[in-house]
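The primary structure of each chain is shown beneath.
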Amino acid sequence: MIDRKFIGYEFTPNEMVITRWRISHFANAIRESSPIYYDVNEAKNQGFKDIPVPTTFYTRMTFSDNNFFSTLGIDFRKLLDGGREIKYYSQGCAGDTIIYQTKVENIVEKEGKRGKMDLITVVTSGKNKDTGEKVFDLIISLIVFH
Amino acid sequence: MFKEDLFFEDISTGMELPMSKRGPIIRQQLIDYASASGDYNKIHYDEGFAKIAKLPGCIAHGMLVMSIVGSYITDWAKGGVLKDFKIRFAGMTNENDTLTLKGKVLKKYSENGENLVEISVLSEVQDERITTQGSAVIALKTK
């Protein structure tokens, strides 16, 4: 059972510079065929200021602190990834620096077919370092069986 | 590949997105994704390790499948802006599986000056087993 004292806990923020290389590397891994992720001129023709990030690129920023799992005391053998939600507020592009921070939004107990479990909702929020503009919220639902 | 932008007027509730196939997801792609995402869990690219973990073989990262579904959405909604995208992991996608992607328009509405469509999406593997299920909200341009 995860300690309820972590509800509302905020991890140390982190930052990442989005580069064209990082985006094309990611786009290739998902076998993305659109040229806007590889060619800056194509991106600009489509109205972007630079190469835009693919929809799930922010996954790389899932946890602002590498010690997320150990801090909460999560046993990987009891962990199930329930799903993800990404809310988009502004388009991230190559050249942007993102500051992101992970927060434990809630922990509730549920009972399912496999017995009692903790459902942990974790939100990582990203904003543009230079403009302060909000960029995304990445919401993770983790299931930890007792 | 030339494709026209999608407009709000082109959408009607209940319409289906054109079905699309992606894959097969081969080992090289699993390695590429491990590198790009930073998720180096060996169940995704080391068959021996995957079998020790009681899996039938290497399995795709759930987030790789979500990424492919995301690409399917932005491909369809060309010129649109993705506002929200959520996925629930329903089953394993195995190495060498080919994904069939499907979607449907749930509703269209206007809010805060934006013209939005909400769609449902899913990915299936060969035996029509669903591996991810989710939804997305996209702001579209008007004519």
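Residues numbered from 1 in each chain as written. Chains lettered and ligands numbered in written order. Predicted model: local features only at pLDDT ≥ 70, side-chain atom pairs only at ≥ 80, totals over all residues. Heavy atoms only, no water.

Scanning chain A for helices and strands turns up three helices and five strands. In sequence order, the secondary structure elements of chain A are arranged as β-α-α-α-β-β-β-β. The C-alpha extent of chain A, read off along each of the three principal axes, is 55 × 30 × 20 Å. Counting the 146 residues in chain A, one finds 48% classified as buried. Considering only contacts in chain A between residues 6 or more positions apart, those separated by 24 or more positions represent 70%. For chain A, the exposed area adds up to about 7300 Å²; of that, 46% sits on carbon and sulfur atoms. (Helix = DSSP H or I, 4+ residues; strand = E, 2+ residues; numbered from the N terminus. Buried < 20%, exposed > 50% of the residue type's maximum accessible area, 1.4 Å probe, protein only. Contact = heavy atoms within 4.5 Å. Areas by Shrake-Rupley, 256 points an atom, 1.4 Å probe, with all protein chains shown as cover.)

We now examine unusual backbone geometry. Residues and elements named next belong to chain B. G23 connects to P24 through a cis peptide bond whose omega is 0°. Tracing the sequence through the fold places P24 in the loop between β1 (16–22) and α1 (27–37). With a phi close to 65°, E128 is a non-glycine residue in the positive phi region. Considering the arrangement of structural elements, one finds E128 in the loop between β4 (114–124) and β5 (130–139). Judged by its relative accessible area of 62%, E128 is exposed.

Before going further, it helps to spend a moment on the packing of aromatic side chains. Tallied over the entire structure, the rule returns 11 aromatic pairs over all chains. Look at F6 of chain A and Y9 of chain A: their rings are 5.5 Å apart centre to centre, the planes differ by 85°, and that puts the pair in the edge-to-face class. A residue is classified by how much of its surface remains accessible, and Y9 of chain A, at 35% relative accessible area, is partly exposed. Grouped by ring-pair contacts, the aromatic residues F6, Y9, F11, F63, F68, F69 and F76 of chain A constitute a single cluster. Just above the ring of Y109 of chain B sits the side chain of K107 of chain B; from NZ or CZ to the centre is 4.7 Å. Directly above the aromatic system of F8 of chain B lies the positively charged group of K108 of chain B, at a separation of 4.4 Å from the ring centroid. (Phe/Tyr/Trp six-rings, centres within 6.5 Å; stacked < 30°, edge-to-face > 60°. Lys NZ or Arg CZ within 6 Å of the ring centre and 35° of its normal.)

The next thing to look at is the interface of chain B and chain A. Listed as interface residues are 25 residues of chain B and, on the opposing side, 21 residues of chain A. Between chain B and chain A lies a buried interface of about 2100 Å² when both sides are counted; carbon and sulfur atoms form 52% of it. Of all residues in chain B, A36, M63 and F89 of chain B give up the largest surface area on contact with chain A, accounting jointly for 22% of the area buried on that side. In this structure, the salt-bridge partner of D84 of chain B is K87 of chain A, at a minimum N-O distance of 3.4 Å. On inspection of chain B and its partner chain A, the count reaches 11 residue pairs in polar contact (both at pLDDT 80 or more). (Buried area = accessible area lost by both parts, 1.4 Å probe. Salt bridge = Lys/Arg side-chain N within 4 Å of Asp/Glu carboxyl O. Polar contact = N/O pair within 3.5 Å; in protein donor to acceptor, adjacent residues only side chain to side chain.)

Residue and element names in this part refer to chain B. Using the criterion set out here, one finds 20 salt bridges over all chains in the structure. Residue K143 pairs with D10 through a salt bridge whose shortest N-O separation is 2.8 Å. Of this pair, K143 sits in the segment after β5 while D10 is found in the segment before β1, placing the two residues 133 residues apart along the sequence. Look at K143 and you get exposed, because its relative accessible area is 65%. Each of the salt bridges in this network shares a partner with another, and the network as a whole consists of R27, E47, K51 and E95.

The next subject is the environment of K107 of chain B. Residues and elements named next belong to chain B. Along the chain, the position of K107 falls in strand β3 (residues 99–111). It is 5.8 Å that separates the C-alpha atoms of K107 and V117, two residues lying 10 residues apart in sequence. Once residues lying within four places of it in the same chain are set aside, the contact partners of K107 are T13, L116, V117 and E118.

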